[in-house]
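What the coordinates show
Listed below, chain by chain, are the residues.
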Amino acid sequence: MIVESENASARAIKRAIRADLLFTCDIEHVRKPKDVADRLANKDFDIVLVGPSQYDSEEGTSAELKFEHIGPEVLILPLPMGKLKGGQGRRLLDADWLSQVLRYVTHRKQVEAFLRATEDALCEEKEQARVAFNAIGDAVLISDSQGRVIRMNPVAESLTGWSSADAIDRPVDEVFSVVSSTARTSREHPVLLGIREERAITPDGGTVLLRRNGEELGIEDSVVPVHDRDGEVTGAVLIFRDLNHSLAMTRKMAYLAHHDCLTGLPNRTLLEERAEQAISLARRHEKQAALLFLDLDGFKEINDALGHALGDRVLQVVAEKLRRCVRATDTVCRLGGDEFVVLLSEIENPEDAAQVAEKILAGFTAPLVLDGQTLQLRVSIGISVFPDDGDSVDTILTQADAAMYFAKLNHNVSYGFARKDLNHWPKGTETMEHRLFRAFEAGEFLLYYQPQIDLVSGAIVGVEALLRWNDPEQGLVYPSEFLPVAERSGLIVSIGHWVIQQACRQVAAWRDEGRVSLPVAINVSAPEFEHPHFIGFIGEVLRETGIEPEKLELEFTEDVLMKNPEKSMARLEQLKAMGIRLALDDFGAGGSSLRYVRHFPVDTMKIDGCLMSDITADPATSIVLRSLVDMGKGLKRRLVAEGIETANQLGFVQAQLFDVAQGYRLAPPQDAEGFSKLLQDQQ
């Protein structure tokens, strides 16, 4: 800032400043000292140049008194009065002098900025070192070159019993007094030894710290000397820790490495070690050893429907039940998920393993009640025996795993032996059923969605969820190829529950994205419908996803409903009371009694697609279809035509006034992303 009342002098000062190419700055000019305060309030200045005219004012020649409000960080520089130029009375400015002064000021500002940055960095490093020093888990004591304490962290205070205030400037051997744990004699203090010999000191062990209150504490310690820039020793850093605490931490880490954190049972690593020992003992004493591989049937369903917290508690209860069923010399292990293994060491014969299996199964006969939920757990067990089923841990574990799957697939048994049962496993079935279980656990199933089209407006008014298996080896596998196997194995219930849950979640996702809210149709198998928890499961899915009950349409074939018509009627009424839509699938494909069919409380009748394929080739088929349509209209049911693949089929269903149709002619099934695009296009 230039303070100068004469404009000509101010211009001369500016020219002098700008003539120096090595000096750049922003310049502002004020005419009177009283204007300086207002300018400084709105902008920062490094230098205030007081022009020559200020020394001629009536107020005096001292500029300091005019700028008392300027802080000490701003340099006030009075410009010297030069010679008068000719007769004009104008003063000359010494430009060289001003340039040198400004360069000096610039250099000083740069040095000050560097020093401030260095000081800030040192303060930050000092603070980081202080935090680390106080937060480190080990005890740290620092001494000077004379062996006197200059600093201790909180852990050192706790272990020695000395506070920092009392310990500072005391001899280190007084604050950190140690003796040998074996000879009970003093030795040269490690800190003093490290300073004298200028090297790191790590005692061999067996060190006892005599705390201030007289207590003894086993420790391990080390000393490192500190050198200055000239290599002279200025002190030492002593690091020590509670040996008992260190051993406890070591034991804890070893325990965690060999045990399951949820149940406290040994994990696979410890199982393999103990199984190796059991095999060695059995071989030496001419005994046998056995592995029981256990799996909880339907545990995934429990986890999905009731939550992982309750699922974890179920696993903990199962672990405790298994512990009570075996000897102290046996091992119960959790492999992961809902899979457990029991290792029986030194048994006389395989029947001993069978007795343990039966004892375990007996422990699961009574329902389990947790948080008001009644759960009926079922366990499948596979048994393998050393040496009959293998001579290594991996072999007998694999054999037990396979035997467990056989037991799971066989509803007539809950446990089975590896070799005897696997010899009767039908060839070809083993691979498919075993792969299905693995596929379900690996999440290889997915849903496709087939649009249902209103035959009047042409709009998508619904969607049917269709199951697919994305087999890593074969690619996309259709339900007709694997659902019969899934039904025989009992996996169909878990798969069906997954389909319902996944489809409802997708409907909720479309709703949340602002898409058209469509009802989703899902086919229900007989084992699902007959499952005692089916109604409750449906209610739980609706609560979890938040979709309206009328957005869920459950489809049942005539065969499913006619297995037990009275019981089916009662269950359908329960679902109907919940607001769920019901559909009779493949209507006309079976030979059901119309006496029952007409009383089932269904909203929709879906005409079987196999009838559609014959309407042009067989006139009789057209007559049957018209009869079914008339029956559906007479019962006031919504009519849906399936399997529309040709223009003739589409023309027929339009002529017969079907409400809705679906099939490749109208729209093929899409994955969730593809169907979302269809909905977007419709909007």
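Attention in this report is confined to the structure presented alongside it. Source: prediction; values computed, not measured. (Residues numbered from 1 in each chain as written. Predicted model: local features only at pLDDT ≥ 70, side-chain atom pairs only at ≥ 80, totals over all residues. Heavy atoms only, no water.)

Concerning the overall build of the protein chain
Within the protein chain, the regular secondary structure consists of 26 helices and 28 strands. Taken over 683 residues, the protein chain has a buried fraction of 44%. For the protein chain, contacts bridging at least 24 residues in sequence account for 63% of all contacts bridging at least 6. Per element, the accessible surface of the protein chain, about 35,000 Å² overall, is 50% carbon and sulfur. (Helix = DSSP H or I, 4+ residues; strand = E, 2+ residues; numbered from the N terminus. Buried < 20%, exposed > 50% of the residue type's maximum accessible area, 1.4 Å probe, protein only. Contact = heavy atoms within 4.5 Å. Areas by Shrake-Rupley, 256 points an atom, 1.4 Å probe, with all protein chains shown as cover.)

Notes on a negative patch on the surface
There is a patch of like negative charges on the surface, built from Glu119, Asp120, Glu124 and Glu125. For Glu119, the location among the structural elements is in helix H3 (residues 95-135). (Patch = residues over 30% accessible without salt bridge, like charges linked within 9 Å, V, L, I, M, F, W, Y side chains within 5 Å. Salt bridge = Lys/Arg side-chain N within 4 Å of Asp/Glu carboxyl O. Lys, Arg positive; Asp, Glu negative; His and termini not counted. Charge placed at Lys NZ, Arg CZ, Asp CG, Glu CD.)

Regarding the pairing of strand E11 (residues 216-227)
By the bridge criterion, four bridges tie strand E10 (residues 207-210) to E11 in an arrangement that is antiparallel. Looking at E11, one finds that Leu210 is bridged to Glu216. The loop that links E10 with its antiparallel partner E11 comprises five residues; one of these, Gly214, has a positive phi angle of about 95°. Here E11 pairs with strand E12 (residues 233-242) via nine bridges, running antiparallel. If you follow Val226 over to E12, its bridge partner there is Gly235. The turn linking E11 back onto E12 is made up of five residues, and Gly231 within it adopts a positive phi angle of 85°. (Pairing = 2+ DSSP bridges.)

Structural notes on the sheet that holds strand E9 (residues 177-180)
Pairing within the open sheet is antiparallel, and its six strands lie in the order E8-E7-E12-E11-E10-E9. Two strands in the sheet have a free side with no partner beyond their single neighbour: strand E8 (149-152) and E9. Each strand axis lies, on average, 35° off the axis of its neighbour in the sheet, ignoring direction. As judged from the three bridges shared by strand E7 (residues 139-144) and E8, these two strands associate in the antiparallel manner. By the bridge assignment, Leu141 is partnered in E8 with Met152. Lying on the sheet, helix H7 (residues 190-197) is in contact with E7, E9, E11 and E12; it crosses E12 at an angle near 145°. (Axes fitted to C-alpha atoms, helices over the stretch in contact; angles between N-to-C directions.)

Here we look at the sheet that holds strand E18 (residues 378-386)
If you walk across this open sheet you meet the five strands as E14-E15-E13-E18-E19, and the pairing is mixed. At either margin of the open sheet sits one strand with a lone partner, and together these are strand E14 (331-336) and strand E19 (415-417). Strand-to-strand twist across the sheet, computed as the mean angle between neighbouring axes with direction ignored, equals 20°. In this structure, strand E13 (residues 288-297) lies alongside strand E15 (residues 339-347), joined through seven bridges in antiparallel fashion. By the bridge assignment, Phe293 is partnered in E15 with Val341.

Describing the packing of helix H10 (residues 299-306) against helix H11 (residues 308-324)
Closest axis-to-axis distance for the H10/H11 pair is 7 Å, and the angle between their directions is 140°. Here H10 is positioned oblique relative to H11, judged by the angle of their axes. Across from Phe299, Asn303 and Leu306 in H10, the residues of H11 making contact are His308, Leu310, Gly311, Val314 and Leu315. Its residues placed into classes, the contact of H10 with H11 shows five nonpolar, three polar and no charged. (Parallel < 35°, antiparallel > 145°, perpendicular 65-115°, else oblique. Nonpolar A, V, L, I, M, F, W, Y, C, P; charged D, E, K, R; others polar.)

Side note on the packing of aromatic side chains
The tally for this structure, following the rule as stated, stands at ten aromatic pairs. Ring geometry for Phe440 against Phe445: centres 6.3 Å apart, planes inclined by 50°, an arrangement best described as tilted. Take Phe440: its relative accessible area is 11%, and that puts it in the buried class. Here Phe445 falls in the buried class, since its relative accessible area comes to 6%. Here the aromatic rings of Tyr449 and Trp510 are separated by 5.2 Å at their centres, their planes lie at 70°, and the arrangement is edge-to-face. Of this pair, Tyr449 sits in strand E20 (residues 445-454) while Trp510 sits in helix H17 (residues 492-512), and the two are 61 residues apart along the sequence. Through successive ring pairs, a cluster of aromatic residues spans Phe440, Phe445, Trp469 and Phe482. Between the NZ or CZ atom of Arg151 and the centre of the ring of Phe133, over which it lies, the distance is 4.4 Å. (Phe/Tyr/Trp six-rings, centres within 6.5 Å; stacked < 30°, edge-to-face > 60°. Lys NZ or Arg CZ within 6 Å of the ring centre and 35° of its normal.)

Topic: H10
Listed in full, the buried residues belonging to H10 are Phe299, Glu301, Ile302, Asn303 and Ala305. For H10, the secondary structure elements touched by its buried residues are E13, H11, strand E17 (373-375), H17 and helix H19 (534-545). Looking one or two places after H10, you find Gly307, whose phi comes out positive at around 100°.

A closer look at the pattern of salt bridges
As enumerated under the stated definition, the model contains 27 salt bridges in all. In this structure, the salt-bridge partner of Arg505 is Glu544, at a minimum N-O distance of 2.8 Å. Taken together, the residues span a long stretch of sequence, with Arg505 in helix H17 and Glu544 in helix H19 at a distance of 39 residues. Arg505 sits in the partly exposed class, given a relative accessible area of 36%. Residues Glu540 and Arg543 are paired through a salt bridge, measuring 3.0 Å at the closest nitrogen-oxygen approach. Here Arg543 and Glu540 lie together in helix H19, a separation of three residues that amounts to about one turn. Glu540 gets classed as partly exposed once you look at its relative accessible area, which sits at 26%. Salt bridges linked by common partners bring Glu188, Arg196, Glu197 and Arg199 together as one network.

Remarks on the packing of H17 against H19
Contact geometry for H17 and H19: axes closest at 10 Å, N-to-C directions at 25°. On the basis of their axis angle, the class for H17 and H19 is roughly parallel. Crossing angle aside, the handedness with which H17 passes H19 is right-handed. Along the contact surface, H17 presents His497, Ile500, Gln501, Cys504, Arg505, Ala508 and Arg511, while H19 presents Phe534, Phe537, Ile538, Val541, Glu544 and Thr545. Tallied by class, residues from the contact of H17 with H19 come to seven nonpolar, three polar and three charged. (Left-handed = near helix turned anticlockwise from the far one by under 90°.)

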